[in-house]
Amino acid sequence: MPKEPDDTLSIGDVVRRTGVAASALHYYEQMGLIAAHRTSGNQRRYQRHMLRRISLILVAKRLGIGLADVREVFATLPMETVPTARDWQRVSRHWHSQLEARKREIEQLERELTGCIGCGCLSLTVCRLLNPDDELGAQGPGPRRLGPSADHLIRQRRELDVLQ
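Here is a short report on the structure shown in this document.

We now examine helix α2 (residues 22–31). Within α2 the residues assigned to the buried category are Leu 25, Tyr 28 and Met 31. For α2, the arc enclosing every buried residue in end-on projection is 120°, short of the 170-degree limit, so these residues lie on one face. Counted as exposed and oriented over 90 degrees from the buried face of α2: Ser 23 and Gln 30. Directly after α2, the chain includes Gly 32, whose backbone phi takes a positive value near 85°.

It is worth spelling out the pattern of salt bridges at this point. Counted by the stated rule, this structure contains three salt bridges. Asp 13 serves as the salt-bridge partner of Arg 16, at 2.7 Å between the closest nitrogen and oxygen. Of this pair, Arg 16 and Asp 13 both sit in helix α1 (residues 11–18), separated by three residues, roughly a single helical turn. Note on Asp 13: relative accessible area 28%, which makes it partly exposed. Notably, a salt bridge pairs Arg 44 with Glu 29, separated by 2.8 Å at the nearest N-O pair. Taken together, the residues span a long stretch of sequence, with Arg 44 in strand β3 (residues 44–47) and Glu 29 in helix α2 at a distance of 15 residues.

Here is what the cut-offs are and how they apply
Sequence order sets the numbering: in each chain, residues are counted from 1 along the sequence as written. It should be noted that, the model being predicted, local features are given only for residues of pLDDT at least 70 and side-chain atom pairs only at 80 or more, the latter also being counted only at that level, while totals for whole chains, interfaces and linings use all residues. The basis for the side-chain values is all heavy atoms of the structure; hydrogens and waters are excluded. When a residue's accessible area, from a 1.4 Å probe over protein chains only, is under 20% of the maximum for its type it is buried; when over 50% it is exposed; and in between it is partly exposed. We count a stretch as a helix when DSSP gives it H or I for four or more residues in a row; a strand needs E for two or more, and each element gets its number in order from the N terminus. It is the directions from the helix axis to the C-beta atoms that the arc portrays. Just to be clear on terms, a salt bridge is a Lys or Arg side-chain nitrogen sitting within 4 Å of an Asp or Glu carboxyl oxygen.

Next up, the structure:
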């Protein structure tokens, strides 16, 4: 008998088909990434098309796409019916643009790292790689956020340590 996308699967079936732990499925359900219906015996039943959602969660994880981003994209997909090819293409385009942006960031970081290794300075005052956008560095070395009152407390502590 052919399988239909709206056929239901037990949680054990879904675990076997996807390799995802039951606890993770519960978590995905709490996050609204997948949905299950309850039987009269209070057992979870997943529509077969949830397998594709779970598979995409796993792919997203491999690509470094966080569950918050997955939830944002999945919010645009129908939960109760099988998403269309156009729906999945929209998800693919969204993630493709995210991955392209990340790729550009990694390439920029690679260029900076190559320059840094070639330079050999590793200076915390000038190196953009090790000290990007340093705003407090212009005020001198050492901790800057403690302020004068903290300096007073530090001196008192040192005096107490000397007396003991």
